[in-house]
Amino acid sequence: MHTGHSSAEQALALIAAAREEGCDRIVVTHCQFEVVGMDEAQMKKAAAMGAKMELCALGMLVGPESHLEWMRESVRVPLEDTATRIRNVGAQHFVLGTDLGQSGNPTPADGLAMFVAGLMAEGVTCEQIQTMGREVPGALLMG
């Protein structure tokens, strides 16, 4: 189950309800984006409830200086903040995504490469990248 564009509070309620119904594969959709806006404490709560949280490359491309006009209204998610969340919450609770594919933006593959390079420049380890990019998504897919 994905939480979609639910607020942080709504996402936590959805996680609880899904767990009560026996769902054990839950993803908080782009948890750092303004529309969801999970803070670190909420991320830790979601993780404790067994949910995984999606981190997206698009977050580093939006904001007032964005190269595309429609992305200038959104709040940028600094790579430093993402790296801090990974360290403080734990890589095993995150999955890497892009939310890319729009005309004028990098391809999802290029965006993911940019995202990974940026995270590593902020101190995220290769092992953490593999956890979020391979192990967690694999477990979500395979159950």
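In this report, the structure presented in the accompanying data block is examined. Source: prediction; values computed, not measured.

Basis of the calculations
Residues numbered from 1 in each chain as written. Predicted model: local features only at pLDDT ≥ 70, side-chain atom pairs only at ≥ 80, totals over all residues. Heavy atoms only, no water. Helix = DSSP H or I, 4+ residues; strand = E, 2+ residues; numbered from the N terminus. Contact = heavy atoms within 4.5 Å. Areas by Shrake-Rupley, 256 points an atom, 1.4 Å probe, with all protein chains shown as cover. Lys, Arg positive; Asp, Glu negative; His and termini not counted. Charge placed at Lys NZ, Arg CZ, Asp CG, Glu CD. Buried < 20%, exposed > 50% of the residue type's maximum accessible area, 1.4 Å probe, protein only. Core = buried A, V, L, I, M, F, W, Y, C linked by side-chain atoms within 4.5 Å.

1. A look at the overall build of the protein chain
- In terms of regular secondary structure, the protein chain is built from five helices and three strands.
- Each of the three principal axes of the protein chain carries a C-alpha extent, and together these read 45 × 30 × 25 Å.
- Put simply, 67% of the contacts in the protein chain that link residues at least 6 apart link residues at least 24 apart.
- Accessible surface, the protein chain: about 7300 Å² in total, of which carbon and sulfur atoms supply 53%.
- Here the protein chain contributes 10 positive and 18 negative side-chain charges, whose respective centroids are spaced 6 Å apart.

2. Some points on the environment of Glu-9
- Along the chain, Glu-9 turns up in helix α1 (residues 8-20).
- Residue Glu-9 is classed as exposed on the basis of its relative accessible area, which comes to 52%.
- Considering only alpha carbons, one finds Glu-9 and Glu-65, 56 residues apart in sequence, at a separation of 30 Å.

3. Some points on the nonpolar core
- Grouped together as the largest cluster of nonpolar side chains are 39 residues, with contacts concentrated most on Val-28, Met-38, Met-53, Phe-94 and Met-132.
- Among the elements of the structure, α1, α2 (40-48), β2 (52-56), α3 (79-89), β3 (94-97), α4 (108-121) and α5 (126-142) are those that each provide at least two residues to this core.
- Ranked by the residues each element gives to this core, the list is headed by α1, at five residues.
- Ignoring any residue separated from it by four or fewer positions in sequence, one finds Met-132 in contact with Leu-55, Ile-86, Ala-91, Phe-94, Val-95, Leu-96, Val-124 and Pro-137.

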